[in-house]
Amino acid sequence: MSTRSNGPFFYPKSRHIRSERPGNFARYQQYKPYLQKEFERKCVYCRMPDIWGPQNFGVDHYRPKKQFPDLITAYSNLYYCCNPCNSRKGQYWPSGARAKELAVPNPCEYSMASHLRYNAETIDAKTTQGAFTRDLLDLNDPKLVQQRKLMIKMIQICQANLEESKQMKKVINRKLKKGTISASHAEKQIVRLEGLVAEMEETLKQLIGTQF
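Residues numbered from 1 in each chain as written. Predicted model: local features only at pLDDT ≥ 70, side-chain atom pairs only at ≥ 80, totals over all residues. Heavy atoms only, no water.

A.B. asks: Describe in detail the nonpolar core, supporting the description with residues and values.
C.D. replies: Counting residues in each nonpolar core, the largest one holds 41 residues, and the members touching the most others are Y11, L35, C43, Y45, C46, C85 and L139. Those elements giving two or more residues to this core turn out to be strand 1 (57–61), strand 2 (78–82), strand 3 (116–119), helix 4 (142–178) and helix 5 (183–208). Core analysis: the next-biggest nonpolar cluster, separate from the first, contains five residues, I181, A186, I190 and L193 among them. (Core = buried A, V, L, I, M, F, W, Y, C linked by side-chain atoms within 4.5 Å. Buried < 20%, exposed > 50% of the residue type's maximum accessible area, 1.4 Å probe, protein only. Helix = DSSP H or I, 4+ residues; strand = E, 2+ residues; numbered from the N terminus.)

A.B. asks: Which residues make up the pairing of strand 1, and what values go with them?
C.D. replies: For strand 1, a buried count of five out of five residues is recorded, marking the element as mostly surrounded by other parts of the structure. Relative to strand 2, strand 1 runs antiparallel, the two being bridged by five bridges. Residue pairing in the sheet places G58 in a bridge with C81 of strand 2. (Pairing = 2+ DSSP bridges.)

A.B. asks: I'd love a proper account of the packing of aromatic side chains, names of residues and values included.
C.D. replies: Under the defined criterion, the tally for this structure stands at 11 aromatic pairs. Ring centres 5.4 Å apart and planes at 35 degrees place the aromatic pair F39 and Y79 in the tilted group. Residue F39 is found in the loop between helix 1 (32–38) and strand 1, and its partner Y79 is found in strand 2; the two are separated by 40 residues along the sequence. Accessibility assignment for this pair places F39 and Y79 in one class, buried. By the ring-pair criterion, three or more aromatic residues cluster together here, those being F39, Y62, F68, Y79 and W93. In this structure, R18 packs its charged tip against the face of Y75, placed 5.0 Å from the ring centre. The ring centre of Y79 lies 4.6 Å from the NZ or CZ of R18, which sits over that ring. (Phe/Tyr/Trp six-rings, centres within 6.5 Å; stacked < 30°, edge-to-face > 60°. Lys NZ or Arg CZ within 6 Å of the ring centre and 35° of its normal.)

A.B. asks: I'd like a description of the pairing of strand 4 (residues 122–125), backed by residues and values.
C.D. replies: Note: strand 3 against strand 4, four bridges, orientation antiparallel. Bridging across to strand 4, Y118 finds its partner in I123. Between strand 3 and strand 4, which pair antiparallel and follow one another directly, the connecting turn spans two residues, one of which, A120, has a positive phi of 60 degrees.

Structure representation (structure tokens):
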């Protein structure tokens with residue numbers, strides 16, 4: 001098992017290649033379950049996982065509905081996005097001579113890590129485009145920063161408890177081999193520890209936003 005110390009808070013180093021192949025739906029909202037799986041339960045812009053449930057996430061139209069009505073139900077134009085980022089992005093679409101610099105990076109066209117990076121619980125910009133995106137979406141809103149800080153702490157606690165439970169299981173198995181503990185007592189302890197391990201792994205999966 002390998003986990004990152006900041007859990008979900010890192011940007012992909014390569015552009016996203018879509019793997020889901022949903023059918024054609026009449027309403028874009030019907031794609032939401034596919035997008036949730038496609039983007040591993042994380043907002044494509046701030047990387048927050050949907051730990052409190054998909055009701056706090058929506059379907060983002062990278063090219064806005066108003067300017068691009070022909071793409072309203074095009075899966076290639078849809079992204080999994082938390083409600084705050086979706087609301088702040090809104091119907092924005094760049095125009096003019098600086099359109100490229102003042103565009104939100106498309107996760108399927110760019111490496112998001114080339115524009116944005118996490119420094120613990122805050123987001124730093126690496127490019128002009130990244131700085132514009134950070135400010136447009138208010139990615140360092142103090143409330144969001146505090147949420148990330150708490151989540152990182154929760155992840156660290158879960159990881160420590162997981163490792164401790166695994167080590168205790170090894171200790172019990174060594175004692176069993178040496179005969180310093182009865183088989184029935186060892187079995188009870190191992191079952192208890194395996195339950196704790198499964199619980200911690202499931203909690204981490206929810207906090208991190210994907211399997212690890």
